[in-house]
Each structure stands twice: as C-alpha cells, then as structure tokens.
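# Chain and residue survey
Next come the chains, spelled out residue by residue.
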Amino acid sequence: MISHLRTMWLVFLHLFHKRETIQYPEEKVAMRPRWRGRIVLTKDPDGGERCVGCYLCAAACPVDCIALQAAEDENGRRYPEFFRINFSRCIFCGYCEEACPTYAIQLTPDFEMAEYRRQDLVYEKEDLLIDSQGKYPGYNFYKMAGLSAGVKEKGKGENEEAPVDIKSLLP
Amino acid sequence: MTVMQHIWIVLGVLFVFLNIAAGLIWVERRLLAMWQDRLGPNRAGPLGLMIVLADTLKLFFKEDWIPPFADKWVFIFAPAIVVASVLMSFVIIPFAPGILVADLNVGLLFFLAMSSLGVYSIVLGGWASNNKYSLLGALRGASQMIAYEVFMGLSLMGVVMLSRSFNLAEIVAAQEKVWFVFLQPVGFVIFFIAGLAETHRLPFDIPESESELIAGFHAEYSGMKFGMFFIGEYLGITLISAMTVTLFFGGWLGPAFLPPVVWFFLKTFVFIGLFILLRASLPRPRYDQLLEYGWKLLLPLVLVNLLVTGAIALWMKH
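As a starting point, this report considers the structure included with it. Remember, it's a predicted structure, so these values are computed and weren't measured experimentally. (Residues numbered from 1 in each chain as written. Chains lettered and ligands numbered in written order. Predicted model: local features only at pLDDT ≥ 70, side-chain atom pairs only at ≥ 80, totals over all residues.)

## Focus on the overall build of chain A
How we decide: Labels follow the DSSP assignment, with helices taken as runs of H or I lasting at least four residues and strands as runs of E lasting at least two, numbered in each case from the N terminus. Computation of the radius of gyration draws on C-alpha atoms, with the globule rule given as 2.2 Å multiplied by the number of residues to the power 0.38. To sort residues by burial, count the other C-beta atoms lying within 10 Å of each one's C-beta; a count of 20 or more means buried, 12 or fewer means exposed, and anything in between means partly exposed. C-beta atoms are built from the backbone. Once C-beta atoms have been placed from the backbone, residue pairs whose C-beta atoms lie within 7 Å are recorded as contacts.
Along its length, chain A carries five helices and five strands. Reading the helices (α) and strands (β) of chain A from amino to carboxyl end gives α-β-α-β-β-α-β-β-α-α. A compact globule built from 171 residues should have a C-alpha radius of gyration of about 16 Å, whereas chain A, at 24 Å, is more than 25% larger. Dimensions of chain A, computed from C-alpha atoms along their principal axes, come out at roughly 95 × 45 × 30 Å. Residues counted as buried form 19% of the 171 residues belonging to chain A. Within chain A, residue pairs in contact and separated by at least 24 positions form 68% of the contacts whose partners lie at least 6 positions apart.

Have a look at this one:
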C-alpha cells in the first residue's frame, strides 16, 4: 500500500519534469554526422565524379537496391553511365559506403525523404550526385591511382615515384 | 419544481456529462502524457482540444461491423447497457441545493443497483462476440464483479449510519460540520478501490487487459459501438468521482466565494485526475489476486469498519 502511494507520488512529480518530446516539424532533431540517411554521390576537389563504376556497392548491397552501368571516357577515366538507387528498398545499412574504394558513395544525416508516389523514391544519378566532397575533403582518387586518366601524368601523383625506366640497368 | 424546470435539469445534466465524458478523451491523453514526460495531443485546435471532435468524427466514420459469427441482437444491445446504466446513476446526484434530477429517499441504493447493471454489458458483449478472448474478458468481468460488489455496498453503510439517510442530498447536508472522509477514512479508501474496479479502470481493467486479452470483451467491437463502451467508461469515471465527492468530500459544500456547483465540479475533477494518475502509475493485478484481496482483506476490513462505526455511533448517543 505504501509502495503504491509512493509510486503514485513519484509519477505525479513527473508533471514538473522536462518534456522529452521534440515537436518535429517546427523543432528539428539534432542529427549526428555519422547518421546513416539519404545516400549521395560526391565529387572530388576538381569537380569530377569520384565514382569509378566498380560495382562494389551494388555487390555489397544486401537488398540489391543499387543499379549502375560503368562507362569510360576518352581519357580512360571510368564513370557510371547511370546510377540508380531505389530508396523504397534501401535499408540504410551503410555497406555501400564501406565497400566504396573511392569514397564516392556516402550516407548523409538526412531522413526527410517522404514521397507520395513510390516511384519517386527511385533516385537517378542527377538526384544522387552532389556538388560536394562529403566527409573526405581533398581526396582525389585519380591523383592517388597509378592510372593516368587525364587527371595527372603517370608518376606525377601524390606519394607516387616516377616510373622505372625498364630499358636501363642503372638504379 | 415545474415540469419545464425538471426537463431543463434533465437535459442540462445529460448535456454536461456527455460533454465531460467526451472531453475526458483529451484530459486523459494530456495528463497521461504529462506524467510520462510527453506532451500529448497538442496540434488540433487550441491546446489540442479539437482532438475530441476529431476522435468522435473518426469513430462515426469507422466501419460499423458486426461479425457474422456474433449473436447479432445481443451484440448490438450490450454497449447500450453500460451507457444507459451509468447515465441512470447520475439521476440521484445532487450537484447543488435544488439541482438534481430525482430526490429519491433510497438514492444510494439506486446508485448501487444501477452501477452494478453495467457489468451486464461486459458479460453480454463478451459472450455475444463469440470470440475466445472476448469470452475470457467477460468471464473476468463477472469474477471481478463478485470481488468488488460485496465490499462496495458495505463500505458506504458507514456513511449511511452517520447521516441516518440513504438520500444523497441529506448525506451532503450532514457533512456541513465535517466531511465524512475524516470520519470514514477506511470507508473512503475501500469505496474508491471498489469504484475503480467498477469502472474497469486501469489497475483493475482485468476484463479488458489489452496486454493479454488484446481488448478483452470489446475486441470485436468497432465504430460507434466501441465508442459507447468508451463513453461508458469515461462516464463511469465521472460517476464514481462525483459519488466520492458527494459521499465523502461534502458534495457542493465549500467556502462561499464560489457557487456550490463550481465546488462540486472542482472536487469531481480532482478525483478524475486521481483516476488518471492511478492509470499512469499502477500495474494490473491478476483477477484471482483481486478476488483474494476483495474477499480476504477488504471485506473483513469493511465489516470491522462498520462494527466500529456502529459502536461509536451508539456510544455517542448515550
């Protein structure tokens, strides 16, 4: 009986506690930078697409919601011809971001993606590609890669030594 | 009192209490939310008050479905019983001197009889639904009635002894000097527990118990038939609160700076708040536990209370 009265009193005191509710449309939720929300494709510092169309994200995706087709431009630089994410299937697991070797695909702290029609949840490349470097500013895959794809000469990349002259015996 | 005056009082009581019962949708949700550190419905209209209208409209537009396996006429009739019986009980409550529908000299007995009829709606509704969960709910409703009905009536006999009347207006008048809650504290606590069980409110919502019986006796009900059970429950809260105020807290009596009716409703709302606080704080006992407490603890307690009250009343007389 006493414990019941104590319970009632303690519950009553909650009248004067702070409210937990966030009144959402007016008050926004404080999002963490690592929140796994809407997926974007980022660009490198020069404004080129980071995605090299390696299909690793599509392979890693557990619900098969990523579809893309790789292509190559005249310099030999690979890029996705189309890149499609079906957000009505996406479970925001972040495996694609982990799989991406070029930091191209990234998850952002944005969840306000509601649509009236299901078809509108299928995002094409122009919806996904953003004019930003995302979480890795200053990173440019083709400056690191050994391949010359119109970004830098062979041997001129970051941390890259000049190519060995295979015709010479001298070190 | 002329006939017209009488009709106006009846209509006024009906209007006020049906509106209170509807308004309790908002009150209960807001208060529960406050006690759970939430905000509750606050979007529709000022302070979210229009949730009452929205909820009512929603209930009207819901499909009013009668299951093909149900006992049709009993199924339709059951929700009406609870509302009718509770509304009938309001007849004898004096809201202020002169403002009451029927000045019965057996008012208290009439209240006990009418409020007990409410259990028929649970038993019949559960039976007519032809659903095993509903039947279990009905079964529990019946067993709960056996548990509380005995000590409910007896807990009020102390009040009757002190005021020497079954007439509620006279009971209120007898509390001019001191409220009966100070003379009958045990009677008050036991009556309130019984009232809680009577309205099937949360610590004792054993026939409904949504965590184990889904919704118990009204699992098959939808639309406005469900709404009737809903309104009946809120009317029941208001009734028990009003009765507690009348019998133990001096009814309309209070300092003169407010009119008697205002005092009556202020006190009633305190108890409605207590009902909701109990819902927010206490867990539900099993129905055999309620039976056990009812028969082994509360019934002897109420008999001792009656004995002591009688002895003191006799001693004071000499």
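Structure shown, so let's carry the discussion forward.
## Some details on the packing of helix α5 (residues 132–163) of chain B against helix α8 (residues 185–198) of chain B
Packed helix pairs are specified by the crossing angle of their axes together with the interaxial distance, meaning the distance between the axes. Residues and elements named next belong to chain B. The condition is simple: To obtain each axis, a line is fitted to C-alpha atoms, and for helices this fit is confined to the stretch in contact; angles are then taken between N-to-C directions over 0 to 180 degrees. Here is the rule for handedness: rotate from the far helix to the near one, and if that takes an anticlockwise turn smaller than a right angle the crossing is left-handed, while a clockwise turn gives right-handed. Three residue categories are used. Nonpolar comprises Ala, Val, Leu, Ile, Met, Phe, Trp, Tyr, Cys and Pro, charged comprises Asp, Glu, Lys and Arg, and polar comprises the others, including Gly.
The N-to-C vectors of α5 and α8 enclose an angle of 145°; their axes lie 8 Å apart at closest approach. Between α5 and α8 the crossing geometry is left-handed. Facing α5, whose interface residues are Q144, A147, Y148, F151, M152, S155, L156, G158 and V159, α8 presents G187, I190, F191, A194, A197 and E198. A class-by-class count of the residues in the contact of α5 with α8 yields 10 nonpolar, four polar and one charged.

## A word on the packing of α8(B) against helix α11 (residues 287–317) of chain B
Residue and element names in this part refer to chain B. For the record, the criterion: The cut-offs work like this: below 35 degrees is roughly parallel, past 145 is roughly antiparallel, 65 to 115 is roughly perpendicular, and the gaps in between are oblique.
Two numbers describe how α8 lies on α11: the axes approach to 10 Å, and their chain directions differ by 150°. Taken together, α8 and α11 sit at an angle that is classed as roughly antiparallel. Crossing of α8 over α11 shows left-handed handedness. Across from V186, G187, I190, I193 and A197 in α8, the residues of α11 making contact are L290, L298, L301, V302 and N305. Residue composition of the contact of α8 with α11, grouped by class: eight nonpolar, two polar and no charged.

## Brief notes about the interface of chain B and chain A
Counting residues at the interface gives 11 residues for chain B and 11 residues for chain A. Only α1 (3–35) and α10 (260–281) of chain B provide two or more residues apiece to the side of chain B that touches chain A. A total of four residues in the side of chain B that touches chain A trace back to one element, the largest contributor, which is α10(B).

## With respect to the sheet that holds strand β3 (residues 78–86) of chain A
Residues and elements named next belong to chain A. What counts is decided by this rule: Two strands make a pair as long as DSSP finds a minimum of two bridges between them.
Taken together, three strands build an open sheet; the order of strands is β2-β3-β5 and the sheet is antiparallel. At either end of the open sheet lies a strand with only one pairing partner, and these are β2 (66–72) and β5 (122–123). One ladder, built from two bridges, connects β3 with β5; its direction is antiparallel. When the bridges of β5 are listed, I85 appears paired with Y123.

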